[in-house]
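Observations on the three-dimensional arrangement
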Amino acid sequence: MTDMTLTPAIVLAATPATPEVNFDFAARRLVLKGESWPENAAAFFRPLLLAVETWLGEQPANTAPLQLHVALSYFNSSSTKLLFEFFELLNGFALQGTACELHWYYDADDDISEEFGQEVSMDFPAIAVFLKAELSAC
């Protein structure tokens with residue numbers, strides 16, 4: 001099932017400080033990939049969060065799950081805060097009946113990133129979290 005709205009995809013190329021963004025709303029697949037240490041994380045992430053929140057607010061519940069794929073080789077503390085806002089947003093919609101999945105990719109040697117994914121699964125129980133120990137698989 002695909003999104004029948006006219007919500008355009010959001011595609012941003014990665015920069016040295018920001019991740020690649022590919023939010024394909026029609027496919028219900030959102031991707032963040034690369035590194036995230038922007039000077040102003042809020043300025044980077046908040047418009048993305050607003051777009052997702054607006055789009056999800058227009059979707060009927062009980063449709064195909066929304067999939068968020070995150071493969072960040074590095075993210076700073078301000079990015080962490082905004083990622084948690086993103087997960088909180090998805091958790092809220094999941095509690096209202098919109099199935100949401102987080103596919104968390106990490107390097108198998110990166111215990112910190114793996115533990116972060118585990119923490120997300122505990123802090124946001126309405127989101128189905130899938131931990132994938134292969135960063136390049138995203």
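Residues numbered from 1 in each chain as written. Predicted model: local features only at pLDDT ≥ 70, side-chain atom pairs only at ≥ 80, totals over all residues. Heavy atoms only, no water.

Time to look at helix α1 (residues 41-57). Compared with an ideal rise of 1.5 Å per residue, which puts 17 residues at 24 Å, α1 spans 24 Å between its outermost C-alpha atoms and is within 8% of the ideal. Listed in full, the buried residues belonging to α1 are A41, F44, F45, L48, L49, V52, W55 and L56. Projected down its long axis, α1 shows its buried positions confined to an angular sector of 130°, all on one face. Turned more than 90 degrees off the buried face of α1, the exposed positions are L50 and G57. In this fold, the buried residues of α1 make contact with β1 (10-12), β2 (20-24), β3 (29-36), β4 (66-75) and α2 (77-95). Measuring from the side-chain oxygen of the N-cap residue of α1 to the backbone nitrogen of A42 gives 3.3 Å; that N-cap residue is N40. (Helix = DSSP H or I, 4+ residues; strand = E, 2+ residues; numbered from the N terminus. Expected span 1.5 Å × (residues − 1). Buried < 20%, exposed > 50% of the residue type's maximum accessible area, 1.4 Å probe, protein only. Arc of directions from axis to C-beta. Contact = heavy atoms within 4.5 Å. Polar contact = N/O pair within 3.5 Å; in protein donor to acceptor, adjacent residues only side chain to side chain.)

This brings us to the packing of aromatic side chains. Per the stated rule, a full pass over the model turns up 11 aromatic pairs. With a centroid separation of 5.0 Å and 90° between ring planes, the pair formed by F44 and F45 is classed as edge-to-face. Just as F44 is buried, F45 falls in that class too. When the centroid spacing of 6.1 Å and the interplanar angle of 65° are considered together, the rings of F87 and F124 count as edge-to-face. Remark: F124 occurs in the loop between α3 (111-123) and β6 (128-132) and F87 occurs in helix α2; sequence separation between them is 37 residues. Both residues of the pair, F87 and F124, belong to the buried class. Clustering of aromatic rings is evident, with ring pairs tying together F75, F84, F87, W104, F116 and F124. (Phe/Tyr/Trp six-rings, centres within 6.5 Å; stacked < 30°, edge-to-face > 60°.)

One pass over the full model with this rule turns up two salt bridges. A salt bridge links E85 to R46, with the nearest nitrogen and oxygen atoms 2.8 Å apart. Residue E85 is located in helix α2, and its partner R46 is located in helix α1; the two are separated by 39 residues in the primary sequence. The exposure class of R46 is partly exposed, given its relative accessible area of 38%. With a closest N to O distance of 3.1 Å, E85 and K81 form a salt bridge. Within this pair, E85 and its partner K81 are both found in helix α2, separated by four residues, close to a single helical turn. (Salt bridge = Lys/Arg side-chain N within 4 Å of Asp/Glu carboxyl O.)

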